[in-house]
Amino acid sequence: MNILISNDDGVFAPGILAAKQAVEDLANVCVVAPDKNNSSVGRRLTLFKHLEINQCELEDGSPAYSVSGSPADCVVVGADYVMDAKPDLVISGINQGVNISCDITSSGTVCAAFEAVSLGIPAIAASLFMDPKTSYRQDENGNWYMEYDFTLAKKVLHDIVSKIIDDGFPEGVDLFNLNVPSNYDSEEVKITHLSHKMLDKQVIDNTDEEKREIFNYPLEDNQESDGLIMITPDLVKDYEEGSDGYALMVDRCPSLTPLKVNMTYDDLKNW
């Protein structure tokens, strides 16, 4: 099997190395990913503009390619230009952050998998859910940082790809959306459906000094403080049973959601 791996966190993000390590004993692996973070860009494509592509090395010394474009760009470039033949499977991730619910259409990770499906390639989007209560650590200087533990995510991703090699992709499924908690109660993978939404969003403006202090958003070059606003997200806490959010937040176990890219509702005969 030939596998193309991409992501939206950037080619040097720890999650893409974890994805490669998870499946490199099962297949020939090629890594093509954005040269910088492209989170929340959805399925953006760069058309009729030049893209820069460079060969680089991952932390373990293995080769990879960086592309000055979006995750969807990287899937197209990897499948149609870098690899000698169309890959048998695309893996997008492992994303450093959760990707669940109908909000996945804004995710660069999941939409890279969507792009793979449009090329006729089955795909897996893989993400790591990190509970802020258990994932933050403090270094010797007192600075806080997020610790990423991909151990279970790598194991689950390996098992899923191994099953695909043995049994093929399930009929009628275009892609899998996999989310694995870094701090878990069970390793059992639950088959789930998409929650209604993942994020509650609010708009704050630059005149709200209290909110500015909480979110600590600096002004960019050439920006005036008057008239600036920012959309801020809060993670939804309540999810219906059987959904991806319920598996992660309540059951605290991996969630695997089978998806179809064609969103057509085909029964409007009596409308």
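Predicted model, so just to flag it, every value in this text is computed and none were measured.

What counts, and at which threshold
Residues numbered from 1 in each chain as written. Predicted model: local features only at pLDDT ≥ 70, side-chain atom pairs only at ≥ 80, totals over all residues. Heavy atoms only, no water. Pairing = 2+ DSSP bridges. Helix = DSSP H or I, 4+ residues; strand = E, 2+ residues; numbered from the N terminus. Contact = heavy atoms within 4.5 Å. Axes fitted to C-alpha atoms, helices over the stretch in contact; angles between N-to-C directions. Parallel < 35°, antiparallel > 145°, perpendicular 65-115°, else oblique. Left-handed = near helix turned anticlockwise from the far one by under 90°. Nonpolar A, V, L, I, M, F, W, Y, C, P; charged D, E, K, R; others polar. Patch = residues over 30% accessible without salt bridge, like charges linked within 9 Å, V, L, I, M, F, W, Y side chains within 5 Å. Areas by Shrake-Rupley, 256 points an atom, 1.4 Å probe, with all protein chains shown as cover. Salt bridge = Lys/Arg side-chain N within 4 Å of Asp/Glu carboxyl O. Buried < 20%, exposed > 50% of the residue type's maximum accessible area, 1.4 Å probe, protein only. Expected span 1.5 Å × (residues − 1). Arc of directions from axis to C-beta. Polar contact = N/O pair within 3.5 Å; in protein donor to acceptor, adjacent residues only side chain to side chain. Core = buried A, V, L, I, M, F, W, Y, C linked by side-chain atoms within 4.5 Å. Phe/Tyr/Trp six-rings, centres within 6.5 Å; stacked < 30°, edge-to-face > 60°.

Participant: Can you tell me about the sheet that holds strand 10 (residues 190-191), naming the residues and giving the values?
Facilitator: Taking strand neighbours across the sheet as the criterion, the nine strands line up as 3-4-2-1-5-6-9-13-10 in an open arrangement whose pairing is mixed. The strands lining the two open edges of the sheet, one partner per strand, are strand 3 (53-57) and strand 10. Looking at chain direction, strand 5 (residues 89-96) and strand 6 (residues 123-129) are connected through five bridges and run parallel. Looking at the pairing, isoleucine 91 lines up with isoleucine 124 of strand 6. On the sheet, helix 2 (residues 71-82) packs against strand 1 (2-6), strand 2 (28-34), strand 3, strand 4 (63-67) and strand 5 and is oriented at approximately 140 degrees with respect to strand 2.

Participant: How would you explain the packing of helix 1 (residues 14-23) against helix 5 (residues 151-167) if you had to name every residue and give the values?
Facilitator: Two numbers describe how helix 1 lies on helix 5: the axes approach to 8 Å, and their chain directions differ by 45 degrees. By the angle between their directions, the pair helix 1 and helix 5 is classed as oblique. For the element pair helix 1 and helix 5, the recorded crossing hand is right-handed. For the pair formed by helix 1 and helix 5, the contact residues are Ala18, Ala19, Gln21, Ala22 and Val23 on the first element and Lys154, Leu157, His158 and Val161 on the second. Taken together, the residues of the contact of helix 1 with helix 5 sort by class into six nonpolar, two polar and one charged.

Participant: Which residues make up a nonpolar patch on the surface, and what values go with them?
Facilitator: Together, Leu45, Leu47 and Phe48 give the surface a local cluster of nonpolar side chains, amounting to about 400 Å² of exposed area. Residue position: phenylalanine 48 is located in the loop between strand 2 and strand 3. Classification of phenylalanine 48 by relative accessible area gives exposed; the value is 89%.

Participant: Let's hear about helix 5: which residues, and what values?
Facilitator: Residue pairs three or four apart in sequence face the same way in an α-helix, which turns once every 3.6 residues. In this model helix 5 runs 24 Å from its N-terminal to its C-terminal C-alpha over 17 residues, within 8% of the 24 Å that 1.5 Å per residue would give. Those residues of helix 5 not exposed but buried are Leu152, Ala153, Val156, Leu157, Ile160, Val161 and Ile164. Projection of helix 5 onto a plane perpendicular to its axis shows the buried side chains occupying an angular sector of 160 degrees, all on one side. Seen from the open side of helix 5, the exposed residues pointing more than 90 degrees away from its buried face are Thr151 and Asp166. Against strand 1, helix 1, strand 5, strand 6, strand 9 (175-181) and strand 13 (255-259) lie the buried residues of helix 5.

Participant: Kindly report on helix 3 (residues 108-118), identifying the contributing residues and their values.
Facilitator: Most of helix 3 sits inside the fold, with ten of its eleven residues counted as buried. Buried positions along helix 3 lie against helix 2, strand 5, strand 6 and strand 9. The distance from a side-chain oxygen at the start of helix 3 to the backbone nitrogen of threonine 109 is 3.1 Å, and the residue carrying that oxygen is serine 107. Of the residues flanking the end of helix 3, it is glycine 120, one or two places downstream, whose phi is positive at about 85 degrees.

Participant: Which residues make up the nonpolar core, and what values go with them?
Facilitator: Counting residues in each nonpolar core, the largest one holds 35 residues, and the members touching the most others are Ile91, Ile94, Ile124, Leu157 and Leu178. Ranked by the residues each element gives to this core, the list is headed by helix 5, at seven residues. When near neighbours in sequence (up to four residues on either side) are disregarded, leucine 157 contacts Ala19, Ala22, Val23, Ile91, Ile94, Ile124 and Leu178. Counting residues in each nonpolar core, the second largest holds 24 residues, with Val67, Ala79, Val117 and Ala123 among its members.

Participant: If you had to explain the packing of helix 2 against helix 3 to someone new, which residues and values would you point to?
Facilitator: Two elements in contact, helix 2 and helix 3, have axes separated by 8 Å at closest approach and are oriented at 35 degrees. When the axes of helix 2 and helix 3 are compared, the crossing they make is right-handed. Contacts between helix 2 and helix 3 involve Pro71, Ala72, Val75 and Val76 from the first element and Gly108, Ala112, Glu115 and Ala116 from the second.

Participant: Which residues make up the packing of aromatic side chains, and what are the values?
Facilitator: Two numbers describe a pair of aromatic rings. These are the distance of the centres and the angle of the planes. Scanning all chains against the criterion turns up two aromatic pairs. With a centroid separation of 6.1 Å and an interplanar angle of 20 degrees, the aromatic rings of tyrosine 148 and phenylalanine 150 are classed as stacked. With centroids separated by 5.0 Å and ring planes inclined at 40 degrees, the aromatic side chains of phenylalanine 169 and phenylalanine 176 adopt a geometry described as tilted.

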